[in-house]
2 protein chains.
Amino acid sequence: MAQKPSIPKGTRDFGQVEMARRNYIFDTIKGVFALYGFQQIETPAMENLSTLMGKYGEEGDKLLFRIQNSGEKAALAPEKGLRYDLTVPFARYVVQHREELSFPFKRFQIQPVWRADRPQKGRYREFYQCDVDVIGSDSLLGELELIQIVEEVYRRLGINVCLHINNRKILAGIAEVIGEPDKIIDITVAIDKLDKIGVDAVNAELAERGLSNEAVQALQPILNLSGTTAEKLTALRTILANSEIGLKGVEEMGEVFRLIESTGVQLNIELDLCLARGLNYYTGAIFEVKALDAQIGSITGGGRYDNLTGIFGLPGVSGVGISFGADRIYDVLAELDLFPKELQSTTQILFATFGARELNYALLWAKALRAKGVAVEVYPEPTKMKKQMGYADAKQIPYVAIVGGDEMAQNKVMLKNMTTGEQNLVTLEDLCRIL
Amino acid sequence: MAQKPSIPKGTRDFGQVEMARRNYIFDTIKGVFALYGFQQIETPAMENLSTLMGKYGEEGDKLLFRIQNSGEKAALAPEKGLRYDLTVPFARYVVQHREELSFPFKRFQIQPVWRADRPQKGRYREFYQCDVDVIGSDSLLGELELIQIVEEVYRRLGINVCLHINNRKILAGIAEVIGEPDKIIDITVAIDKLDKIGVDAVNAELAERGLSNEAVQALQPILNLSGTTAEKLTALRTILANSEIGLKGVEEMGEVFRLIESTGVQLNIELDLCLARGLNYYTGAIFEVKALDAQIGSITGGGRYDNLTGIFGLPGVSGVGISFGADRIYDVLAELDLFPKELQSTTQILFATFGARELNYALLWAKALRAKGVAVEVYPEPTKMKKQMGYADAKQIPYVAIVGGDEMAQNKVMLKNMTTGEQNLVTLEDLCRIL
């Protein structure tokens, strides 16, 4: 077995530094969720294939990892698959446990998901999702709270963002008033590209997708809509005057903006009619958050759904949720050098010793310091000092306490500050004060 | 789809209460690990089958879950499997990343593992392991630190435990001196049952397993060894006088006890010659921790290994580690009612309102409280008060702030203590003080 071992393509090991940074992201997000009363749940990595199949479209079905018991014959079709996202297991959870839950049910969930995608830069076969949802209420307070959570999470992380918001009912209304109510998916897929390919290319694509010339023309004022949010909403009220669903969308959007204003949300928020998002289950507000100082696409997204649990036999339960993309947030924080410096090492002091007696002495100091909550390591052997100091360097431990016979005789240690190189003889009391 | 959805047998959903309790266990353990400078890593859920196969014995190979890409033909043999434990992936990790690591490498890892075991009470197909290891040093300080960690973790959790300790070299020495060096596994398997089946049955089993009558007789003084640790060690030095490896084991054990004493470890520790543990890779100290007030078997276990990474081409790297059994610790804490009460709810106060204006008012109070770190919920609709109070009850939220027109007029809320039923009109400043 001389060959160096490896891991499956598209998967990753996370070392100590990466874990400290990932935990920083998750802990920040969890801290904000908790302020709003969201509580954590976890579901199994494997779900019955019947739970997963047909929920992610044909393409999604192909990307499911299937699981076989070793004992099973290869000929037996697998009955289980790995979690593909957190949304379908959440819907399954709500239906399965509905008698135990109190609604509105506010939950968050941070777990890995698996997709047999072709691995490429920034796309993995195992990655974490971080979802927060409130289900069992159609109050727009849900939308407000998620917006407040986005604001606070990114404020704490120090990332400048813009939240794009749209409403699925407005999109449906637009499709109605331009006379193409069945082409809503084609319309949204095309206008979603406006930023990237420009208005002419979008119009060409709309024609290609079978929209009549009149419909494309009717869409133009909407694509060109500009001004403040209030101006956009006023214009939309006129444009969508003949669409009941469209007006409902405008009304919802107006109420969300009223809540945003009355609670003093400071986040950049843009009413973006070109925001489409996967339209499979969204029925109301849809959101996407983009980092302003990094080119990385959406780092958080979500929306309202009126019938997510319907696929499992519990129709008519409205909810709203968003998902934080931990991997992309990680990349933004790394690119902009926004990770706190002190995440690098958890150990505050290493004891380096010259002999067995000194080692015993160091163990007692270590015990006293740990009792005060200080993270301490004792180098396990009184080996060459250079090696012990090298260990502290590699682990970025800020202080080393050097223990020789002289120090012991004075009931002290020689404390070295690894950043400045400064050395001082100190007592245990001094040390407690410094650390 | 009227059928209620379900999850694969042997797997579990964890609701909010269970998650809060599980996080309490993990956070307690992580807090202690950090005091000793252990840092977290994570490895992928799926490993190459070549990494996993042959590492857990024939039985283990059968219990591996294999993974198939959906795109793959069923006829193709799967190349990946789900993590079966954290030890083999850790060994793989150390070998794969050896150039990036500084040794001794102190890591911990808390992740689920999967086994296609027959599900039964207390045995699951998905469960968390919680491993801590130091690798790259044969210093017995490693053993000491793990013992100190066990002491501190169970002190914090409030569980009375006894740590049983033995040494693989002593067991090898015993097999040598009774003239059956090749029968070490048979001997340990049999004497491991001493507690359960008694000395006569153990002797019968030893004979059945092919031990000579003399060997069984020679073993008796060892089975009957009693007294203090010092007395046991003295007796062992005589018994194992002709076994080099046996004496080495006694010496190691003596040094571990010396360290325990000199650092004032208060844990119950028993030198237990009948402790065998899976002997596959252990080569030195072995540990098992039992809860004294619950009948549940071992809740933590581990030991020293001198060649764990040898299977991946990096021989001669010594390490020592233990694994905390989170599920069993959970059961002990539940049985003995040791979970802290305040884990039940993270929300400290719910705002219940009588109308839309009151709801807006509540949102501003909620914002002010959250800015001070208070976990707040606002019931999303001004629905019947009974329903809003019922929500607080179900979620065990300790305070409800009731907001009606009168309260608003006075710039106050009616604060209800849900435990005592007491109600008081309070200002925002009062509320900050109370929460």
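Residue positions are counted from 1 within each chain, in the order its sequence is given. Labels are handed out in written order, letters beginning with A for the chains and numbers beginning with 1 for the ligands. Predicted model: local features are reported for residues with pLDDT of at least 70 only, side-chain atom pairs are reported and counted for 80 or more only, and whole-chain, interface and lining totals are derived from all residues. Side-chain numbers come from the whole structure's heavy atoms, not from hydrogens or water.

**Description of the domain arrangement of chain A**
Defined as follows: Source of the domain bounds: an automatic or database domain assignment.
Each assigned domain of chain A is listed here: domain 1 (16-335) and domain 2 (345-434). Placing a centre on the C-alpha atoms of domain 1 of chain A and another on those of domain 2 of chain A gives a separation of 51 Å.

**Focus on helix H8 (residues 194-208) of chain B**
Residue and element names in this part refer to chain B. Let me state the cut-off plainly: What counts as a helix is a DSSP run of H or I of at least four residues, what counts as a strand is a run of E of at least two, and both are numbered from the N terminus. Expected span of a helix: the number of residues minus one, times 1.5 Å. To obtain the bend at a residue, axes are fitted to the seven residues ending there and to the seven starting there, and the angle between these axes is taken. Three labels apply to residues, based on accessible area from a 1.4 Å probe with only protein chains included: buried if under 20% of the type maximum, exposed if over 50%, partly exposed otherwise in between. Should any heavy atoms of two residues lie within 4.5 Å, those residues are considered in contact.
With 15 residues, H8 should reach 21 Å at 1.5 Å per residue; the first-to-last C-alpha distance of 16 Å falls well below that figure. Along H8, the largest kink reaches about 75° and is centred on Asp200. Along H8, the positions that sit buried rather than exposed are Leu194, Val202, Asn203, Glu205 and Leu206. In this fold, the buried residues of H8 make contact with helix H7 (184-191) and helix H9 (213-223). Positive phi appears at Gly210, one or two residues downstream of H8, with a value of about 95°.

**Overview of the pattern of salt bridges**
As a reminder, the rule being used: Take a side-chain nitrogen of Lys or Arg and a carboxyl oxygen of Asp or Glu: if they are within 4 Å of each other, that pair is a salt bridge.
Enumeration according to the criterion identifies 46 salt bridges over all chains in this entry. Where Asp133 of chain A meets Arg107 of chain A, a salt bridge forms, and the shortest distance between an N and an O atom there is 2.8 Å. Placement of Asp133 of chain A in strand S6 (residues 126-135) and of Arg107 of chain A in strand S5 (residues 105-114) is noted, with a sequence separation of 26 residues between them. Residue class for Arg107 of chain A comes out buried when judged on its relative accessible area of 0%. In this structure, Glu377 of chain A and Lys395 of chain A form a salt bridge, with 2.8 Å as the shortest nitrogen-oxygen distance. With Glu377 of chain A in strand S13 (residues 376-378) and Lys395 of chain A in the loop between helix H14 (385-394) and strand S14 (399-403), the pair connects residues that are 18 residues apart, well separated along the chain. As far as burial versus exposure is concerned, Glu377 of chain A and Lys395 of chain A are alike and both buried. Taken together, the shared-partner salt bridges in this structure form one network comprising Lys106 and Glu145 of chain A together with Arg370, Glu377 and Lys395 of chain B.

**So, the sheet that holds strand S15 (residues 413-417) of chain B**
Residue and element names in this part refer to chain B. Convention followed: Paired strands, as defined in this entry, are two strands with at least two bridges between them according to DSSP. Axes, fitted as lines to C-alpha atoms, cover a helix only where it is in contact. Angles between the N-to-C directions of the axes lie from 0 to 180 degrees.
Taken in spatial order, the 5 strands make up an open sheet running S13-S12-S14-S15-S16, and their pairing is mixed. Taken across any chain shown, the strands that pair with only one partner, and hence form the sheet edges, are strand S13 (376-378) and strand S16 (423-426). Across the sheet, the mean angle from the axis of one strand to that of its neighbour is 25°, orientation sign disregarded. The sheet contact formed by strand S12 (residues 349-353) and S13 spans 3 bridges and is parallel. When the sheet's bridge partners are listed, Leu350 is paired in S13 with Glu377.

**Focus: the environment of Leu52 of chain A**
Here Leu52 of chain A is to be found in helix H2 (residues 49-52). What Leu52 of chain A contacts, discounting residues up to four positions off in sequence, is Glu47, Asp61, Leu64, Gly81 and Leu82 of chain A.

**Examining empty space enclosed by the protein**
Taking a probe equal in size to a water molecule and rolling it over the atoms shows the remaining empty space. Rule in force here: Grid points spaced at 1 Å over the protein atoms alone were grouped into cavities, where a 1.4 Å probe fits but cannot get out, and pockets, open sets with protein on both sides within 12 Å along at least five of seven lines, with lining residues defined by an atom within 4 Å of a point. Grid points are joined across faces, edges and corners, and a volume is the space filled by probe spheres set on the points.
For the structure on display, the rule yields 3 cavities of 30 Å³ or more. By volume, the largest cavity is sized at about 120 Å³. When residues of the lining of the largest cavity are traced back to their parent elements, those giving at least two are S13 of chain A together with helix H5 (141-157) of chain B. Top contributing element to the lining of the largest cavity by residue count: H5 of chain B, with 3 residues. Roughly 100 Å³ of volume is contained in the second largest cavity. Along its surface, the second largest cavity is lined by 15 residues, and Lys106, Val134 and Glu145 of chain A together with Val378 and Pro380 of chain B are the ones closest to its centre. The element contributing the most residues to the lining of the second largest cavity is helix H5 (residues 141-157) of chain A, with 3 residues.

**Points about the relation of the copies chain B and chain A**
For the record, the criterion: Superposition of the copies used a least-squares fit over C-alpha atoms from residues whose pLDDT is at least 70 in both.
Overlaying chain B on chain A yields an RMSD of 0.1 Å, the required transformation being a rotation through 180° with an accompanying axial translation of 0.0 Å. Read as a symmetry element, the transformation amounts to a two-fold axis. Closest to the rotation axis within chain B is the C-alpha of Ile67 of chain B, separated from it by 2.4 Å. A shared interface surface links the copies, since 100% of the contact residues of chain B are contact residues in chain A too.

**With respect to the pairing of strand S8 (residues 268-271) of chain B**
Residues and elements named next belong to chain B. The alternating pattern of S8 places Ile269 and Leu271 on a buried face and Asn268 and Glu270 on a face that is not buried. Two strands pair when backbone bridges link them, and strand S7 (residues 161-167) and S8 are joined in this way by 4 bridges, in the parallel orientation. For His164, the partnering residue across the bridge sits in S8 and is Glu270.

**Quick word on the interface of chain B and chain A**
The cut-off we apply is this: For any pair of parts, buried area is found by adding up, for both, the accessible area (1.4 Å probe) each one loses once the two are put together. Ten residues, namely Ala, Val, Leu, Ile, Met, Phe, Trp, Tyr, Cys and Pro, are considered nonpolar, four, namely Asp, Glu, Lys and Arg, are considered charged, and the remaining ones, Gly among them, are considered polar.
Each partner contributes to the interface: chain B provides 102 residues, whereas chain A provides 102 residues. Between chain B and chain A, a total of about 8200 Å² is buried, with carbon and sulfur atoms accounting for 52% of that surface. One can count 8 salt bridges joining chain B with chain A. Close ionic contact of Arg92 of chain B with Asp13 of chain A constitutes a salt bridge, the shortest N to O distance being 2.6 Å. Taken together, the residues of the side of chain B that touches chain A sort by class into 47 nonpolar, 32 polar and 23 charged. Sheet topology places strand S3 (residues 65-69) of chain A next to strand S3 (residues 65-69) of chain B; 5 bridges connect them, and they run antiparallel. Bridge assignment links Asn69 of chain A to a residue of S3 of chain B, and that residue is Phe65 of chain B.

**Here's the deal with the layout of surface pockets**
Residues and elements named next belong to chain A. Space inside the second largest pocket adds up to approximately 1600 Å³. As for the second largest pocket, its lining consists of 47 residues, of which Arg115, Phe127, Gln129, Arg277 and Arg328 are closest to the centre. Those elements giving two or more residues to the lining of the second largest pocket turn out to be helix H3 (57-62), helix H4 (87-96), S6, strand S10 (298-305), strand S11 (319-324) and helix H12 (326-335). Here the element with the most residues in the lining of the second largest pocket is S10; it accounts for 7 residues. When the residues that make up the lining of the second largest pocket are grouped by side-chain class, the tally is 16 nonpolar, 16 polar and 15 charged.

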